[in-house]
Amino acid sequence: MTGTLSAGHAGIDPRGWALRIAAALLLVAALAGCRTSDIYNVQQVSLATPPAAEMTQIENAIERAGAGLGWEIKRADPDEPGHLIGRLPIRSHVAVVDIKHDTETFSITYKDSTNLEYDAEAGKIHSNYNGWIQNLRSAILRETSNIEASAGTST
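A brief structural summary. For clarity, every value in this text was computed on a predicted model and none was experimentally measured. (Residues numbered from 1 in each chain as written. Predicted model: local features only at pLDDT ≥ 70, side-chain atom pairs only at ≥ 80, totals over all residues. Heavy atoms only, no water.)

## Notes on the nonpolar core
Inside soluble globular proteins, nonpolar side chains tend to come together where they are buried. Counting residues in hydrophobic clusters, the biggest one holds 29 residues, and the most contacted among them are Trp71, Ile99, Ile108, Tyr129, Trp132 and Ile140. Of all the elements in the fold, those that place two or more residues in this core are strand E2 (42-46), helix H2 (55-67), strand E4 (80-90), strand E5 (93-101), strand E6 (105-114) and helix H3 (127-145). In terms of residues, this core owes the most to one element, H3, which gives six residues. If we skip the residues at most four places from it in the chain, tyrosine 129 touches Ile39, Tyr40, Ala95, Val97, Thr109, Tyr110 and Leu116. (Core = buried A, V, L, I, M, F, W, Y, C linked by side-chain atoms within 4.5 Å. Buried < 20%, exposed > 50% of the residue type's maximum accessible area, 1.4 Å probe, protein only. Helix = DSSP H or I, 4+ residues; strand = E, 2+ residues; numbered from the N terminus. Contact = heavy atoms within 4.5 Å.)

Spelled out as structure tokens, the structure:
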């Protein structure tokens, strides 16, 4: 037989070593993929909206921003503008955030999650969560910057 060691020789088949090394590398990669990070919250970020922007325009822009990324965004209380709840379901994971805004600023803060390795004491969560929040922040800034002044106002 060519390329293998016989049972009478000391050592292991070179293919066995290659398989063991490949398995070890896959394990390291899998563990690295499950890392956690400090929770990223967005605090009082300024909006680039026209001075006459209305709360409903801001809310609609935030909803559009979230929808484009797969977020389900609803008002926390139907009678109170300025507080939205965002929910992002991805496979078996769910992230839930509070989004508070006025006509000049907005904040995004962690509210709840499923299967994201959340550790309240350490303030840690799966690293993917932070990327989702950064993407939502950017999308909100982009959408709110496209708000035009209300038709009844002069420019």
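## Details of the pattern of salt bridges
One pass over the structure, following the stated rule, counts four salt bridges. In this structure, aspartate 38 and lysine 124 form a salt bridge, with 2.8 Å as the shortest nitrogen-oxygen distance. A residue pair is termed long-range when its members are at least 10 positions apart, and aspartate 38 in strand E1 (residues 36-38) and lysine 124 in strand E7 (residues 124-126) qualify at 86 residues. Residue lysine 124 is classed as partly exposed on the basis of its relative accessible area, which comes to 28%. Salt-bridge contacts for arginine 87 lead to glutamate 72; the nearest nitrogen and oxygen are separated by 3.2 Å. Taken together, the residues span a long stretch of sequence, with arginine 87 in strand E4 and glutamate 72 in strand E3 (residues 72-77) at a distance of 15 residues. (Salt bridge = Lys/Arg side-chain N within 4 Å of Asp/Glu carboxyl O.)

## What to know about the sheet that holds E5
Judged by pairing direction, the sheet is antiparallel, and its five strands sit side by side in the order E2-E6-E5-E4-E3 without closing on themselves. The sheet is open, and its two borders are formed by E2 and E3, each paired with just one other strand. Taken over all neighbouring pairs, the strand axes of this sheet differ in orientation by 25° on average, direction set aside. On the sheet, H2 packs against E3, E4 and E5 and is oriented at approximately 5° with respect to E4. Where H3 meets the sheet, its contacts fall on E2, E3, E4, E5 and E6, and the angle it forms with E6 comes to roughly 150°. (Pairing = 2+ DSSP bridges. Axes fitted to C-alpha atoms, helices over the stretch in contact; angles between N-to-C directions.)

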